[in-house]
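Read off the chains here:
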Amino acid sequence: MCPGSFDPVTNGHLDIIGRASRLFDEVIVGVLINQSKTGLFSEDERIDMLGEVIQGYDNVRVLTFRGLLVDFCRAQEAGVVVKGLRAVSDFDYELQMAQMNIGLAGVETLFMPTNPLYSFLSSSLVKEVAKWGGDVSPHVPDLVAVRLRERLGPPPS
Ligand code: PNS
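Residues numbered from 1 in each chain as written. Predicted model: local features only at pLDDT ≥ 70, side-chain atom pairs only at ≥ 80, totals over all residues. Heavy atoms only, no water.

A few points about empty space enclosed by the protein
Scanning the entire structure with this criterion turns up one cavity of 30 Å³ or more. The space that makes up the largest cavity amounts to roughly 30 Å³. Forming the walls of the largest cavity are L69, K83, E94, M97, A98, N101 and T109. Among the elements that line the lining of the largest cavity, the one with the most residues is helix 4 (residues 88-105), at four residues. (1 Å grid on protein atoms, 1.4 Å probe; cavity = no way out; pocket = protein on both sides within 12 Å on 5 of 7 lines; lining within 4 Å. Points joined across faces, edges and corners; volume = space filled by probe spheres on them. Helix = DSSP H or I, 4+ residues; strand = E, 2+ residues; numbered from the N terminus.)

Dropping the structure here:
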């Protein structure tokens, strides 16, 4: 299980998804639908972008979930959550969640060090840079760069 908000998917996410697809027979990309948090992209738009960018991976599929990740894992019979760690700063919170998830339901978490190319990358940063007209094309799939530009309009002058 590769869970996240994916608002939008970045090359960092794709790196982890691709590596997980080589380690496991089957990978589910679990898109958290958080009704109390409005994203830049809707649930359908995020799924659509993810669906496009994972097309090369035969053993990866995209599903949405609400509520607890462990309940979704149980429903999908997924025993392992795969998370990318970009830096030590990610570790504290990720460790807490991993320990909670194993306590709640015995769901294991596998931490993967991100490719150093993406160690500074996050969806929030990509949105911020795109909003002010910066070039995000090295950091997201082409399709996502186009959708960001369509959504955010031309950069402010
Ligand atoms: O891409 P994000 O927003 O960093 O992903 C965070 C996510 C979705 C993996 C995390 O918030 C999560 O698992 N949310 C589901 C709710 C849940 O299970 N919370 C308890 C975690 S111990």
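Having seen it, we continue.
Topic: the pattern of salt bridges
Scanning all chains against the criterion turns up ten salt bridges. Between D7 and R46 there is a salt bridge; the shortest N-O distance is 3.6 Å. Note that D7 is positioned in the loop between strand 1 (2-4) and helix 1 (11-23) and R46 in helix 2 (residues 43-53), a separation of 39 residues in sequence. Classification of D7 as buried rests on a relative accessible area of 6%. On the basis of relative accessible area, R46 is assigned to the buried category, the value being 10%. (Salt bridge = Lys/Arg side-chain N within 4 Å of Asp/Glu carboxyl O. Buried < 20%, exposed > 50% of the residue type's maximum accessible area, 1.4 Å probe, protein only.)

Structural notes on the packing of helix 5 (residues 123-131) against helix 6 (residues 142-152)
Following both chains from N to C, one finds helix 5 and helix 6 inclined at 55°, their axes separated by 10 Å at the closest point. Overall, the two elements helix 5 and helix 6 adopt an arrangement that is oblique. Considering the relative orientation of helix 5 and helix 6, their crossing is right-handed. Across from V126, K127, A130 and K131 in helix 5, the residues of helix 6 making contact are L148, R149 and L152. (Axes fitted to C-alpha atoms, helices over the stretch in contact; angles between N-to-C directions. Parallel < 35°, antiparallel > 145°, perpendicular 65-115°, else oblique. Left-handed = near helix turned anticlockwise from the far one by under 90°. Contact = heavy atoms within 4.5 Å.)

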